[in-house]
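Summary of structural features
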Amino acid sequence: MPPAQELKRELKSRHLFMIALGGVIGTGLFLGSGYTIHEAGPGGAIAAYLFGGFVMYLTMLSLGELAVRIPDAGSYQTYATKFISPAAGFCIGWLSWLNWSVTVGIELLTVSILMKRWFPDVPTWVFCAVFALLLFLVNALSVKGFAEVEFWFSSVKVLTVIAFIVLGLAAMFGIVHMKSGQPAPFFSNFTDHGGLFPNGFWAIFTTMILVNFSFQGTELVGVAAGESREPEKTVPIALRNTVWRILIFFVLAIFVLAGLFPWEKAGVVESPFVVVFDNIGIPYAADIMNFVIITAVLSVANSGLYATSRVLWSMSRQGMVTPFFSKLSKRGVPINALIASIAIGCLSLLCSVYAEDTVYVWLTAIAGFGAVTVWASIALSSYLGRKAFLREGGDVRDLKYRTPLYPFVPLAAFILNMAIIVGLAFIPDQRIALYCGIPFLLVCYAYYHLVAKKRIHLQRTEEEVELKAAK
């Protein structure tokens, strides 16, 4: 492959950290947190995010070793191909692409819902179309330009979450007064209205797919490693900083929301963050928060579009899809893969026809299924990858980053992720994720063996002939 068709390694450690953070702090926290609190109650929501964070931590420990040893823009798709099976890699690649493309659609829908605060009569599809164009233009820049935009997007929302936590705690304990004149709630919303677990402990598990969707994005460190200057240095730092800060931000934010926001009133029609600021009564605070959340959600979509275009480009390079998607622009951007990915994301326009809250839960469940399945493949690839490394005569001491407590960590991550997927079968309004996800994987598997496998073999044969001729 000529050098012109290689991605440029222009990402620094701060870029990797903010790209991963940008892929996480968005819809799942700012909008989906209301659904989680409503379904699981205040204590249940906190427990769900703690458990989801633990699964995320184990999965990212598994990813670190692979991303440092084999930095590749295809990331988990490449690892699944190499260490599980080519068919598994093909399926994971397409599922990841669908997952992030749908996520872009979810973020566009979220922005449209939030914009209705100011423009209630404007149809949803108008905002979806406008912001989809904006995202495309940002991603069509050089990777360095995209990374700088994402860095500042993510910086704004990190500072906002910190400000919300501080201000929310102040309101919760009476330092800042509510405009309704009601006394400070302190811990009343944790003890009243049915207590910590008003819907029982099973409700915690019914929200896990949404919670894991909320944590989706940390794995973007693996994708970005393929365009990182020094992955052996930048990846471990980015993973360590991302995981712990995300977990702290999420748990503290959910604690504040649950303390200020009665669980019965939480939902997905408006961000609970905006409602809380409205209740505090700070002038224009709710509008400012709404604007910041819109910026944050666009940041997630920006990171998601970056990820899905790179996965599609990597699959094209490996012969898994048409070479059409391996084309790079003069700026080093996989432009055809980018166009295809934003096109799928624009399916969010359908939400202007169907009920927004219903479609939101459906899309989130489907994206959550994709995220958890990808995480399971990362864990399994890590386990099998270390075994392959040792089998080929490698020495663990030579690894620049090692997954700790091997094989416990990757096996535990795989089992927990698979348990969450199986749990979808017991949640009626989220079974659609299985109804869509499983047939999609079966179709991918069949297509691989009937069509793609032969094409991949032919492409590799041609590359080997060209390599021999060059020598």
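We now turn to the structure provided with this report. (Residues numbered from 1 in each chain as written. Predicted model: local features only at pLDDT ≥ 70, side-chain atom pairs only at ≥ 80, totals over all residues. Heavy atoms only, no water.)

1. Section: the overall build of the chain
A tally of helices and strands in the chain yields 18 helices and 0 strands. Each of the 471 residues in the chain was classed as buried or not, and the buried ones make up 58%. (Helix = DSSP H or I, 4+ residues; strand = E, 2+ residues; numbered from the N terminus. Buried < 20%, exposed > 50% of the residue type's maximum accessible area, 1.4 Å probe, protein only.)

2. Some details on the environment of Ala379
By secondary structure assignment, the location of Ala379 is in helix H16 (residues 356-391). The exposure class assigned to Ala379 is buried, which follows from its relative accessible area of 0%. C-alpha of Ala379 to C-alpha of Asn417: the two residues are 38 residues apart in sequence and 9.0 Å apart in space. Every residue in contact with Ala379, bar those within four places of it in the chain, is listed here: Ser62, Pro410, Ala413 and Phe414. (Contact = heavy atoms within 4.5 Å.)

3. Comments concerning the packing of aromatic side chains
With the rule as written, the count across this model stands at 17 aromatic pairs. Ring geometry for Phe173 versus Phe186: centroids 5.8 Å apart, planes at 75 degrees, classification edge-to-face. Pair noted here: Phe173 is in the loop between helix H7 (143-172) and helix H8 (188-191) and Phe186 is in the loop between H7 and H8, with a separation of 13 residues, a long-range link. A relative accessible area of 32% places Phe173 in the partly exposed class. Taking the relative accessible area as the measure of exposure, Phe186 reaches 42% and is therefore partly exposed. Ring plane angle 40 degrees and centroid distance 5.0 Å describe the contact between Phe215 and Phe250, whose orientation is recorded as tilted. (Phe/Tyr/Trp six-rings, centres within 6.5 Å; stacked < 30°, edge-to-face > 60°.)

4. Let's talk about the packing of helix H3 (residues 32-69) against helix H12 (residues 231-260)
Put simply, H3 and H12 touch, their axes get as near as 10 Å, and they point 175 degrees apart. The orientation of H3 with respect to H12, classified from their angle, is roughly antiparallel. Counted by class, the contact of H3 with H12 contains 25 nonpolar, 3 polar and 1 charged residues. (Axes fitted to C-alpha atoms, helices over the stretch in contact; angles between N-to-C directions. Parallel < 35°, antiparallel > 145°, perpendicular 65-115°, else oblique. Nonpolar A, V, L, I, M, F, W, Y, C, P; charged D, E, K, R; others polar.)

5. Quick notes on the state of the cysteines
Tallied over the full model, the rule gives 0 disulfides. Not part of a disulfide, Cys91 finds its nearest cysteine sulfur in Cys444, a span of 5.3 Å. You can call Cys91 buried: its relative accessible area is 8%. (Disulfide = S-S within 2.5 Å.)

6. Some words on a nonpolar patch on the surface
On the surface, Phe173, Ile175, Phe186 and Phe187 cluster together into a nonpolar patch covering about 410 Å² of accessible area. Looking at where Ile175 falls in the secondary structure, it is placed in the loop between H7 and H8. (Patch = residues over 30% accessible without salt bridge, like charges linked within 9 Å, V, L, I, M, F, W, Y side chains within 5 Å. Areas by Shrake-Rupley, 256 points an atom, 1.4 Å probe, with all protein chains shown as cover. Salt bridge = Lys/Arg side-chain N within 4 Å of Asp/Glu carboxyl O.)

7. Side note on the nonpolar core
Note on soluble globular proteins: their nonpolar side chains tend to be buried together. Of all hydrophobic cores here, the largest spans 123 residues; its most connected members are Phe164, Phe215 and Phe273. In terms of residue count, the dominant contributor to this core is H12 (15 residues). Contacts of Phe215, omitting those with residues within four sequence positions, involve Val24, Tyr49, Gly52, Gly53, Met56, Ile246, Leu247, Phe250 and Trp375. With 6 residues, the next largest nonpolar core counts Tyr35, Val102, Ile106 and Leu210 among its residues. (Core = buried A, V, L, I, M, F, W, Y, C linked by side-chain atoms within 4.5 Å.)

8. Remarks on unusual backbone geometry
Trans peptide bonds make up the majority, and among non-glycine residues the majority have a negative phi. Following Tyr406, the chain continues into Pro407 via a peptide bond in cis, with omega recorded as 5 degrees. Considering the arrangement of structural elements, one finds Pro407 in the loop between H16 and helix H17 (408-423). Positive phi outside glycine occurs at Phe186, with the angle close to 50 degrees. The backbone phi angle of Leu405 is positive, close to 55 degrees, even though this residue is not glycine. Structurally, Leu405 can be placed in the loop between H16 and H17.

9. What about the side chain of Asn99?
On the secondary structure map, Asn99 appears in helix H5 (residues 86-115). Take Asn99: its relative accessible area is 3%, and that puts it in the buried class. When residues no more than four places from it in sequence are discounted, the contact partners of Asn99 are Gln216, Ala367, Gly370 and Ala371.

10. Observations regarding the pattern of salt bridges
With the rule as written, the count across this model stands at 3 salt bridges. The salt bridge involving Asp395 is made with Arg397; its shortest N-O contact spans 2.9 Å. Arg397 sits in the exposed class, given a relative accessible area of 69%.

11. Focus: the side chain of Asn189
With respect to the element layout, Asn189 can be found in helix H8. By relative accessible area, Asn189 is classed as buried at 7%. At 2.7 Å, the side chain of Asn189 and the backbone oxygen of Gly259 are in polar contact. Those residues within four positions of Asn189 in sequence are excluded, and the remaining contacts are Pro42, Ala258, Gly259, Leu260, Phe261 and Pro262. (Polar contact = N/O pair within 3.5 Å; in protein donor to acceptor, adjacent residues only side chain to side chain.)

12. What about the environment of Lys116?
Summarising the element assignment, Lys116 is placed in the loop between H5 and helix H6 (124-139). Accessibility expressed as a relative area gives 26% for Lys116, which makes it partly exposed. Distance from Lys116 to Phe127, taken between C-alpha atoms, is 9.5 Å for residues 11 residues apart in sequence.

13. A closer look at helix H10 (residues 208-215)
Where burial is concerned, most of H10 is hidden: 8 out of the 8 residues are buried. For H10, the set of buried residues is Met208, Ile209, Leu210, Val211, Asn212, Phe213, Ser214 and Phe215. Once H10 finishes, Gly217 follows within two positions and takes phi at roughly 125 degrees, a positive value.

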